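Summary of structural features
Each chain, written out:
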Amino acid sequence: MYAVTGATGQLGRHVMADLVKTTPPASIIAAVRDPAKAAPLAAQGIQVREADYDRPETLEAAFQGVERLLLISSSAVGRRVTQHQAVIAAAKAAGVSVVLYTSLLHADRSAIGLAEEHRQTEAALRDSGLSVVLLRNGWYAENYLNGVSPAVTRGVLFGAAGDGRISTASRSDYAAAAAVALAGAETSGVYELAGDESWTLADLAEVISKAADKPVAYKDISEAAYREALIGAGLPEHVAEIVANADASAAKGALFDDSRTLSRLIGRPTITMTQMINAVLNG
Ligand SMILES: NC(=O)c1ccc[n+]([C@@H]2O[C@H](COP(=O)([O-])OP(=O)(O)OC[C@H]3O[C@@H](n4cnc5c(N)ncnc54)[C@H](OP(=O)(O)O)[C@@H]3O)[C@@H](O)[C@H]2O)c1
């Protein structure tokens, strides 16, 4: 049996869609916070079980009979280590053989603030004695898509990543990799997952400009100024903090990877930023 936590999230939904292409639905468990949200999965014959990271009493029962568990990292930034520890303890108690965990690209040495919770989760997994596969996901390409239309309107793309190269991939590509790894036979390993292409924010401005057929220039500003600009644009403070910190870390190479591990794992090239920007602007 296979189980996927966070199966009703954005990444999780893609994982489930890929998994059912290769795996009988009756051998898949969607381990989710809110079973009502998983009705479309149940309709496909996938087992739905309640698994709330904040309610450890739900977790062990959810993982009964599971051999391979995909732990999709929680979105509750700041509470994730405790939540993930609860999942790991329950997986161990339920007799799960292999846990696959969606970590962050180069989590062991990443300067990105968000990496710390992933490092602590990886350590908890190591200490658990379970067999562990780390799927260290790079930045989602989608993180940049909300900024595309405002950049076209202003003619300026703001950021704080300098000339740091960024190797994004789409959620659907990371999900495809997770589905392949979950359905596969590997019982250990570390996958550094990122897009085939890397680009600077100046390159991104050029791609947007071409797709929109309007001039768009990149303007590099300080991390603090970018944070303030994001708050001014309506982002909650803690999100602005995370985004600006990621950009400043990207300036030092934290979001770069040219291993092409992701495209090898999924057996096809990753979707390009140009394709994604064109889809946003030109349908
Ligand atoms: N690499 C990147 O650029 C990047 C960007 C954003 C996030 N991430 C990480 O990747 C993860 C998946 O991304 P995503 O786009 O799928 O994010 P998402 O759509 O926000 O999904 C987060 C998932 O976590 C689940 N969750 C939150 N709290 C939970 C709890 N207490 N118990 C059980 N499940 C809980 C959510 O459940 P519900 O479906 O019930 O809401 C949802 O399924 C995120 O959670 C985050 O750790 C990475």
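Each value, and the rule that gives it
Residues numbered from 1 in each chain as written. Predicted model: local features only at pLDDT ≥ 70, side-chain atom pairs only at ≥ 80, totals over all residues. Heavy atoms only, no water. Pairing = 2+ DSSP bridges. Helix = DSSP H or I, 4+ residues; strand = E, 2+ residues; numbered from the N terminus. Axes fitted to C-alpha atoms, helices over the stretch in contact; angles between N-to-C directions. Contact = heavy atoms within 4.5 Å. Near = heavy atom within 4 Å. Polar contact = N/O pair within 3.5 Å; in protein donor to acceptor, adjacent residues only side chain to side chain. Areas by Shrake-Rupley, 256 points an atom, 1.4 Å probe, with all protein chains shown as cover. Nonpolar A, V, L, I, M, F, W, Y, C, P; charged D, E, K, R; others polar. Core = buried A, V, L, I, M, F, W, Y, C linked by side-chain atoms within 4.5 Å. Buried < 20%, exposed > 50% of the residue type's maximum accessible area, 1.4 Å probe, protein only. Domains from an automatic or database assignment. Buried area = accessible area lost by both parts, 1.4 Å probe. Salt bridge = Lys/Arg side-chain N within 4 Å of Asp/Glu carboxyl O. Parallel < 35°, antiparallel > 145°, perpendicular 65-115°, else oblique. Left-handed = near helix turned anticlockwise from the far one by under 90°.

One open sheet holds the 7 strands; their spatial order is β3-β2-β1-β4-β5-β6-β8, and the pairing between them is parallel. Looking along the sheet, the strands with just one partner apiece sit at the ends: β3 (47–50) and β8 (189–193). Going from strand to strand, the sheet's axes swing by 20° on average, the running direction of each strand aside. With 4 bridges joining them, strand β4 (residues 68–71) and strand β5 (residues 98–104) adopt parallel strand pairing. Bridged to leucine 71 within β5 is tyrosine 101. Contacting β5 and β6 (131–137), helix α5 (residues 115–128) runs over the sheet at an angle of about 160° to β5.

In this section: the site of the ligand. Close to the ligand lie 22 residues; Thr8, Leu11, Tyr53, Ser73 and Arg171 are nearest. Separating an oxygen atom of the ligand from a side-chain N or O atom of threonine 8 is a distance of 2.7 Å. Bound to the protein, the ligand loses 84% of the 890 Å² it would expose on its own. Of all the secondary structure elements, the ones that give two or more residues to the shell around the ligand are α1 (10–22) and α4 (80–94). Here the residues of the shell around the ligand are counted per class, giving 6 nonpolar, 10 polar and 6 charged.

One finds Val4, Val15, Met16, Leu70, Leu100, Leu135 and Leu193 to be the most contacted residues of the largest nonpolar core, which totals 33 residues. Elements with a minimum of two residues in this core: β1 (2–5), α1, β2 (28–32), β5, β6, α7 (171–183), β8 and α11 (261–266). Considering each element in turn, this core owes the most residues, 8 residues, to α7. Beyond its immediate chain neighbours, meaning those up to four positions away, valine 4 contacts Val15, Met16, Leu19, Ile29, Ala30, Ala31, Leu70, Ile72 and Leu182. Counting residues in hydrophobic clusters, the runner-up holds 30 residues, among them Ala115, Leu157, Ala246 and Ala254.

A word on the side chain of glutamine 83. In this fold, glutamine 83 is placed in helix α4. A polar atom in the side chain of glutamine 83 sits 2.9 Å from the side chain of aspartate 54. Leave out the neighbours within four places in its chain, and glutamine 83 touches Tyr53, Asp54, Ser74 and Ala76.

This brings us to the domain arrangement of the protein. Domain assignment breaks the protein into domain 1 (2–137) and domain 2 (142–165 + 196–257 + 267–282). Inter-centroid distance (C-alpha atoms) of domain 1 to domain 2 is 29 Å. Tallying the contact residues gives 8 residues for domain 1 and 7 residues for domain 2. Summing both partners gives a buried area of about 630 Å² for domain 1 against domain 2, and 69% of it is carried by carbon and sulfur. Per-residue buried area on domain 1 facing domain 2 is highest for Leu105, His106 and Ile112; these three make up 60% of the total on that side. Counting across the domain 1 and domain 2 interface gives 0 salt bridges. Viewed at the interface, domain 2 and domain 1 are joined by 3 residue pairs in polar contact (both at pLDDT 80 or more). A per-class count over the side of domain 1 that touches domain 2 returns 5 nonpolar, 3 polar and no charged.

Time to look at the packing of α4 against α5. Contact geometry of α4 with α5 gives a least axis separation of 9 Å together with a crossing angle of 20°. Between α4 and α5, the angle is such that the two are roughly parallel. Considering the relative orientation of α4 and α5, their crossing is right-handed. The segment α4 lies against α5, with Arg80, Val81, His84, Gln85, Ile88 and Lys92 engaging Glu117, His118, Gln120, Thr121, Ala124, Leu125 and Ser128. Its residues placed into classes, the contact of α4 with α5 shows 4 nonpolar, 6 polar and 3 charged.

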